[in-house]
Amino acid sequence: MKKIIVFASGSGTNAENIIKHFAKTKIAKVVSVFTNNAAAKVIERAKNHQIPTEIFSKSELLERNILQKIQEIDPDLIVLAGFLLKFPDHIIEKYPNKIINIHPALLPNYGGKGMYGMHIHRAVVDNKEKETGISIHFVNENYDEGGIIFQKNVALTETDTPETVAEKIHELEQKYFPEIISRLLEE
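Criteria and cut-off values
Residues numbered from 1 in each chain as written. Predicted model: local features only at pLDDT ≥ 70, side-chain atom pairs only at ≥ 80, totals over all residues. Heavy atoms only, no water. Helix = DSSP H or I, 4+ residues; strand = E, 2+ residues; numbered from the N terminus. Rg over C-alpha atoms; globule rule 2.2 N^0.38 Å. Buried < 20%, exposed > 50% of the residue type's maximum accessible area, 1.4 Å probe, protein only. Contact = heavy atoms within 4.5 Å. Areas by Shrake-Rupley, 256 points an atom, 1.4 Å probe, with all protein chains shown as cover. Lys, Arg positive; Asp, Glu negative; His and termini not counted. Charge placed at Lys NZ, Arg CZ, Asp CG, Glu CD. UniProt positions renumbered as here; feature names shortened; annotations may be inferred. Axes fitted to C-alpha atoms, helices over the stretch in contact; angles between N-to-C directions. Parallel < 35°, antiparallel > 145°, perpendicular 65-115°, else oblique. Left-handed = near helix turned anticlockwise from the far one by under 90°. Nonpolar A, V, L, I, M, F, W, Y, C, P; charged D, E, K, R; others polar. Pairing = 2+ DSSP bridges. Right-handed = clockwise from strand over helix to strand, strands pointing away. Core = buried A, V, L, I, M, F, W, Y, C linked by side-chain atoms within 4.5 Å.

1. Considering the overall build of the protein
Here's step 1: Summing up its helical and strand segments, the protein has seven helices and seven strands in all.
Here's step 2: For the protein, the α and β elements follow one another from N to C terminus as β-α-β-α-β-α-α-β-α-β-α-β-β-α.
Here's step 3: Relative to a compact globule of 187 residues, whose C-alpha radius of gyration would be 16 Å, the protein shows 16 Å and is just as compact.
Here's step 4: Principal-axis analysis of the C-alpha atoms gives the protein an extent of 50 × 35 × 35 Å.
Here's step 5: Burial statistics for the protein: of 187 residues in total, 47% are counted as buried.
Here's step 6: Residue pairs in contact within the protein that sit at least 24 positions apart in sequence constitute 69% of those at least 6 positions apart.
Here's step 7: When the accessible surface of the protein is split by element, carbon and sulfur atoms take 48% of a total near 9,500 Å².
Here's step 8: Treating the 23 positive side-chain charges of the protein as one cloud and the 25 negative ones as another, the clouds have centres 4 Å apart.

2. A closer look at the UniProt feature "domain: Formyl transferase N-terminal" (unreviewed entry) in the protein
Here's step 1: Cross-referencing UniProt, the feature "domain: Formyl transferase N-terminal" (unreviewed entry) maps to residues 2-180 in the present numbering.
Here's step 2: As annotated, residues 2-180 comprises 38% helix and 23% strand, and the C-alpha atoms at either end are separated by 15 Å.

3. Looking at the UniProt feature "active site" (unreviewed entry) in the protein
Here's step 1: Within this structure's numbering, the places UniProt gives as "active site" (unreviewed entry) are His 103.
Here's step 2: Looking at the secondary structure, you find His 103 in strand β5 (residues 99-103).
Here's step 3: Setting aside residues up to four positions removed in sequence, His 103 forms contacts with Tyr 110, Gly 111, Met 115, Ile 120, Gly 133, Ile 134, Ser 135, His 137 and Asp 144.

4. Here we look at the packing of helix α1 (residues 13-23) against helix α7 (residues 162-186)
Here's step 1: Across the interface, α1 lies against α7 with an axial gap of 10 Å and an inter-helix angle of 45 degrees. Taken together, the axis directions place α1 and α7 in an arrangement best described as oblique. Here the hand of the crossing between α1 and α7 comes out right-handed. Here Thr 13, Asn 14, Asn 17, Ile 18, His 21 and Phe 22 of α1 lie close against α7, whose contacting residues are His 170, Glu 173, Gln 174, Phe 177, Pro 178, Ile 181, Ser 182 and Leu 185.
Here's step 2: Counted by class, the contact of α1 with α7 contains six nonpolar, seven polar and one charged residues.

5. Re the pairing of strand β1 (residues 2-7)
Here's step 1: Pairing of β1 with strand β2 (residues 28-35), which is carried by six bridges, proceeds in the parallel orientation. Following the sheet pairing, Val 6 is matched in β2 by Val 33.
Here's step 2: Read as a crossover between parallel neighbours, the route from β1 over α1 to β2 is right-handed.
Here's step 3: Pairing geometry for β1 and strand β4 (residues 77-80), over four bridges, is parallel. Each residue of the ladder has a partner; that of Ile 5, found in β4, is Ile 78.

6. Considering the environment of Val 79
Here's step 1: Relative to the elements of secondary structure, Val 79 occurs in strand β4.
Here's step 2: The spatial distance from the C-alpha of Val 79 to the C-alpha of Asn 101 is 6.0 Å, given a sequence separation of 22 residues.
Here's step 3: Discounting residues that sit within four places of it in the chain, Val 79 has contacts with Ile 4, Ile 5, Val 6, Phe 7, Ile 18, Ile 100, Phe 177 and Ile 181.

7. A word on the nonpolar core
Here's step 1: Formed by 40 residues in total, the largest nonpolar core has its most connected members in Ile 4, Val 6, Ile 18, Val 79, Ile 100, Phe 177 and Ile 181.
Here's step 2: If one sorts the elements of this core by residue count, α7 sits on top with nine residues.
Here's step 3: Excluding residues that lie within four positions of it along the chain, Ile 18 makes contacts with Val 6, Val 30, Val 79, Ala 81, Phe 177 and Ile 181.
Here's step 4: Within the second largest apolar cluster, 18 residues are counted, among which are Phe 7, Phe 34, Leu 61 and Leu 67.

This is the structure in structure tokens:
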């Protein structure tokens, strides 16, 4: 059985969806959740599924502490699911094409530092976009610039608000993120 580590900074709905998905398969299992936010709801979600959590500081991530903990687990895939810190080069170099992220927009649009969550949805609405979507991509040394694995778009209307855009994006994330992870692990 393959091993997945999930990194998350917030509520953890995508992390929990991935945990539940793989609990029903023989492909892989989420073996740990790492977070940089001691108050993140993802911690409670992981505990509800008996998944160990690792809480760390930004400095621990930038030093070698977290890399060492990752290496002890020896994951087949590292999944960033709402993880807001830039992933350090020393971990990316150790796990080339084994770290993926989900982004709530159609990259390369609305990517880069500071572009996450409602910031993106507001920008999409302010720019009167006709569509938006999700991008699942490999993580490299730059924010949101790794090779794109999968994109799915959704139509927008003139009456969409940042909140309704967020709901549409969340539906796409919940449906497609576990499927794409499964596909990557089966290759």
